[in-house]
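The residues making up each chain are set out below.
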Amino acid sequence: MIETGARAGEVVAMGTSDVDLRSGMAVVRRGKGGKSRTVPFGAQTGRAIDRYLRVRRMHRLAGLPDLWLGDRSKGFSYQALYSALKVRAGVAGIPDFHPHVLRHTAAGRWLARGGSEGGLMAVAGWSRRDMIDRDTRSTSERRAAEEARRLNLGDL
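Residues numbered from 1 in each chain as written. Predicted model: local features only at pLDDT ≥ 70, side-chain atom pairs only at ≥ 80, totals over all residues. Heavy atoms only, no water.

1. Comments concerning the overall build of the protein chain
Turning to step 1, where the next piece is worked out: Summing up its helical and strand segments, the protein chain has 7 helices and 3 strands in all.
Turning to step 2, where the next piece is worked out: Considered along the principal axes of its C-alpha atoms, the protein chain spans approximately 65 × 35 × 30 Å.
Turning to step 3, where the next piece is worked out: Residues counted as buried form 31% of the 156 residues belonging to the protein chain.
Turning to step 4, where the next piece is worked out: Restricting the contact set of the protein chain to residue pairs at least 6 apart, pairs at least 24 apart contribute 45%.
Turning to step 5, where the next piece is worked out: Of the roughly 10,100 Å² of accessible surface on the protein chain, a fraction of 54% belongs to carbon and sulfur atoms.
Turning to step 6, where the next piece is worked out: The average position of the 28 basic charges and that of the 16 acidic charges among the side chains of the protein chain differ by 7 Å. (Helix = DSSP H or I, 4+ residues; strand = E, 2+ residues; numbered from the N terminus. Buried < 20%, exposed > 50% of the residue type's maximum accessible area, 1.4 Å probe, protein only. Contact = heavy atoms within 4.5 Å. Areas by Shrake-Rupley, 256 points an atom, 1.4 Å probe, with all protein chains shown as cover. Lys, Arg positive; Asp, Glu negative; His and termini not counted. Charge placed at Lys NZ, Arg CZ, Asp CG, Glu CD.)

What follows is the structure, encoded as structure tokens:
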């Protein structure tokens with residue numbers, strides 16, 4: 001989620017056939033507004049998903065098409081994802097965490113690394129540009145300061 005900016009509900013709804021490790025792409029079939037899209041992921045994420053899929057084969061629900069499997073013969077719901085991430089955020093010392101923070105972080109990182117707004121919109125599944133401003137507000141000042149340093153306008 002922190003790499004692709006996928007929404008928690010989109011991630012929970014993924015099936016095993018939605019992830020292609022060779023191409024580093026995942027299909028979001030049930031995006032907001034019923035729209036689907038393809039999101040890229042890097043080698044590190046691919047390795048983590050590959051490890052998960054290997055362990056998943058031994059799960060009692062391995063025959064289900066759902067990508068993410070819960071414990072105690074339950075599916076993996078939004079609430080399960082929220083709880084798992086909240087616990088890990090607490091251990092990491094991240095206060096006031098909620099899954100949407102990962103979407104904000106992904107968007108801010110995309111722009112900070114020089115990604116285009118159009119590319120971000122496509123990957124994040126946004127149809128309006130004002131969503132970029134809303135979801136990157138928390139990092140806009142830091143990105144502006146970094147950009148100003150990179151432009152080095154004080155050297156005449």
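2. Concerning the environment of L81
Turning to step 1, where the next piece is worked out: Mapped onto the elements, L81 comes out in helix α3 (residues 78-91).
Turning to step 2, where the next piece is worked out: Spatially, the C-alpha atoms of L81 and V11 are 9.2 Å apart, while their sequence positions differ by 70 residues.

3. Looking at the pairing of strand β3 (residues 37-40)
Turning to step 1, where the next piece is worked out: Only one face of β3 is buried, namely the one carrying R37 and V39, since none of T38 and P40 on the opposite face is buried.
Turning to step 2, where the next piece is worked out: As judged from the 4 bridges shared by strand β2 (residues 25-28) and β3, these two strands associate in the antiparallel manner. Paired with M25 across the two strands is P40, which belongs to β3. (Pairing = 2+ DSSP bridges.)

4. Considerations on the packing of aromatic side chains
For any pair of aromatic rings, the description consists of the separation of the ring centres together with the inter-plane angle of the planes.
Turning to step 1, where the next piece is worked out: This model, assessed by the stated rule, comprises 2 aromatic pairs.
Turning to step 2, where the next piece is worked out: Between the aromatic rings of Y52 and W68, the centroid separation amounts to 4.8 Å while the plane-to-plane angle is 40 degrees, which identifies the pairing as tilted. In this pair, Y52 is assigned in helix α2 (residues 43-56) and W68 in the loop between α2 and α3, connecting sequence segments 16 residues apart.
Turning to step 3, where the next piece is worked out: A relative accessible area of 22% places W68 in the partly exposed class. (Phe/Tyr/Trp six-rings, centres within 6.5 Å; stacked < 30°, edge-to-face > 60°.)

5. Quick look at the pattern of salt bridges
Turning to step 1, where the next piece is worked out: Following the criterion strictly, the structure yields 7 salt bridges and no others.
Turning to step 2, where the next piece is worked out: For E10, the salt bridge is made with R37, and the minimal N-O distance between the two is 2.7 Å. With E10 in helix α1 (residues 8-12) and R37 in strand β3, this pair connects stretches of sequence that are 27 residues apart. As far as burial versus exposure is concerned, E10 and R37 are alike and both buried.
Turning to step 3, where the next piece is worked out: Residues R142 and E146 are paired through a salt bridge, measuring 3.7 Å at the closest nitrogen-oxygen approach. Separated by 4 residues within a single helix, R142 and E146 lie in helix α7 (residues 140-151), roughly one turn from each other.
Turning to step 4, where the next piece is worked out: A relative accessible area of 35% places E146 in the partly exposed class. (Salt bridge = Lys/Arg side-chain N within 4 Å of Asp/Glu carboxyl O.)

6. Some remarks on the sheet that holds β2
Turning to step 1, where the next piece is worked out: The strand order across the open sheet built from 3 strands is β1-β2-β3, with neighbouring strands paired in antiparallel fashion. The open sheet has two edge strands with one neighbour each: β1 (19-20) and β3.
Turning to step 2, where the next piece is worked out: By the bridge criterion, 2 bridges tie β1 to β2 in an arrangement that is antiparallel. Across the sheet, the residue bridging to D20 is M25, located in β2.

7. Points about the layout of surface pockets
Turning to step 1, where the next piece is worked out: One number sums up the size of the largest pocket: a volume of about 980 Å³.
Turning to step 2, where the next piece is worked out: Of all the secondary structure elements, the ones that give two or more residues to the lining of the largest pocket are α2, α3 and α4 (100-112).
Turning to step 3, where the next piece is worked out: In terms of residues, the lining of the largest pocket owes the most to one element, α3, which gives 5 residues.
Turning to step 4, where the next piece is worked out: Here the residues of the lining of the largest pocket are counted per class, giving 25 nonpolar, 3 polar and 3 charged.
Turning to step 5, where the next piece is worked out: Space inside the second largest pocket adds up to approximately 240 Å³.
Turning to step 6, where the next piece is worked out: Lining the second largest pocket are 16 residues, and of these I2, E3, A106, R109 and W110 sit closest to its centre.
Turning to step 7, where the next piece is worked out: Of all the secondary-structure elements, those providing two or more residues to the lining of the second largest pocket are α4 and α5 (117-124).
Turning to step 8, where the next piece is worked out: When residues in the lining of the second largest pocket are grouped by element, the largest group, 5 residues, is from α4.
Turning to step 9, where the next piece is worked out: Split into classes, the residues belonging to the lining of the second largest pocket amount to 9 nonpolar, 3 polar and 4 charged. (1 Å grid on protein atoms, 1.4 Å probe; cavity = no way out; pocket = protein on both sides within 12 Å on 5 of 7 lines; lining within 4 Å. Points joined across faces, edges and corners; volume = space filled by probe spheres on them. Nonpolar A, V, L, I, M, F, W, Y, C, P; charged D, E, K, R; others polar.)

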